[in-house]
Amino acid sequence: MKKTGFIFAVLFLIFLFCLELFAADMAPIKLNAPDKDRGYSLTKAVSMRASAREWNGKPLELKDLSDLLWAADGINRPEKFMRTAPSYRNVQDISLYVVMKEGTYVYDPGKNVLNPVAAGDFRPLCAMTQTTVANAAAVIIMVSDLTRFNVTDKCEKIKWAAVDAGVISENINLFCAATGLTTVPRATMDVEKLRAALKLEETQEPIINNPVGYGK
Ligand SMILES: Cc1cc2nc3c(=O)[nH]c(=O)nc-3n(C[C@H](O)[C@H](O)[C@H](O)COP(=O)(O)O)c2cc1C
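Residues numbered from 1 in each chain as written. Predicted model: local features only at pLDDT ≥ 70, side-chain atom pairs only at ≥ 80, totals over all residues. Heavy atoms only, no water.

Participant: How should the packing of helix H3 (residues 62-73) against helix H5 (residues 154-179) be read in this particular structure?
Facilitator: Helix-helix packing: each pair is described by the crossing angle between the helix axes and the interaxial distance. At a minimum axis separation of 7 Å, H3 and H5 run at an interaxial angle of 140°. One way to sum up the angle between H3 and H5 is to call them oblique. Seen along the crossing, H3 lies across H5 with a hand that is right-handed. Across from Asp64, Asp67, Leu68, Ala71, Ala72 and Asp73 in H3, the residues of H5 making contact are Ile168, Asn171, Ile172, Phe175 and Cys176. The residue makeup of the contact of H3 with H5, split by class, is seven nonpolar, one polar and three charged. (Axes fitted to C-alpha atoms, helices over the stretch in contact; angles between N-to-C directions. Helix = DSSP H or I, 4+ residues; strand = E, 2+ residues; numbered from the N terminus. Parallel < 35°, antiparallel > 145°, perpendicular 65-115°, else oblique. Left-handed = near helix turned anticlockwise from the far one by under 90°. Contact = heavy atoms within 4.5 Å. Nonpolar A, V, L, I, M, F, W, Y, C, P; charged D, E, K, R; others polar.)

Participant: It is not clear to me how the site of the ligand should be interpreted in this structure. Could you clarify?
Facilitator: In the vicinity of the ligand, the residues found are Arg49, Ala50, Ser51, Arg53, Gln130, Val184, Pro185, Arg186, Ala187, Thr188 and Ile208. With respect to the ligand, the side chain of Gln130 contributes an N or O atom lying 2.6 Å from an oxygen atom. Within the side chain of Thr188, one N or O atom sits 2.4 Å away from an oxygen atom of the ligand. (Near = heavy atom within 4 Å. Polar contact = N/O pair within 3.5 Å; in protein donor to acceptor, adjacent residues only side chain to side chain.)

Participant: Quick question: what am I supposed to make of the side chain of Arg186 here?
Facilitator: Here Arg186 lies in the loop between strand S8 (182-183) and helix H6 (191-197). No salt bridge is formed by the buried Arg186; its nearest oppositely charged neighbour, Asp190, is found at 11 Å. A distance of 3.1 Å separates a polar side-chain atom of Arg186 from the backbone oxygen of Ala127. Excluding anything up to four places from it in sequence, Arg186 contacts Cys126, Ala127, Gln130, Val133, Ile208, Asn209 and Pro211. (Buried < 20%, exposed > 50% of the residue type's maximum accessible area, 1.4 Å probe, protein only. Lys, Arg positive; Asp, Glu negative; His and termini not counted. Salt bridge = Lys/Arg side-chain N within 4 Å of Asp/Glu carboxyl O.)

If you want it as structure tokens, here you go:
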């Protein structure tokens, strides 16, 4: 059993190495300026918010991806680099990793660009046993940089990281409710395999994810 596990681990590393060769082909994705006038009112969005776990597999249109990421944690006060989501002491510890069929990107809210992280489809690592998640157009993973917290206790860092990630996740939930997209906040994901695939540092902690897409 242990030997089988070792062989799978080696095969997974070889698989990641092969994907690395293709990653060089991935170009940054320039996002649109946000459309701040779309969607239902906040009160109607709150009244409609509900988790759903089925997607039709179609990729997100650029305008939807752009507006979604801006609503999640974009810049809403550019003169002070302040964000749509609040964060503990404004440490802005959360990065949004966008896992799509062709590869994973990380959101740069200042430049309004998605920067390539790794080629290949890692949605199954987010799905695990919830297989429908692998059919979402994008899985947004909230990843905290724990070095941003000026506290020594790791439990406390994780506590504030979880709150910061949860706030962004709710922005995604409400944006989806307001615009007809489908999502669910999820703790489920293969954190260790995602760490390797997305080349995360030890101090980067994936907290929660939201698969997003068009419902069935
Ligand atoms: C912190 C957190 C973790 C969750 N993890 C999962 C998950 O791993 N898989 C899943 O299908 N739903 C997950 N959910 C969604 C809940 O199951 C869902 O919100 C709950 O059943 C209430 O349904 P509603 O969102 O439609 O109101 C999670 C929700 C939260 C807040």
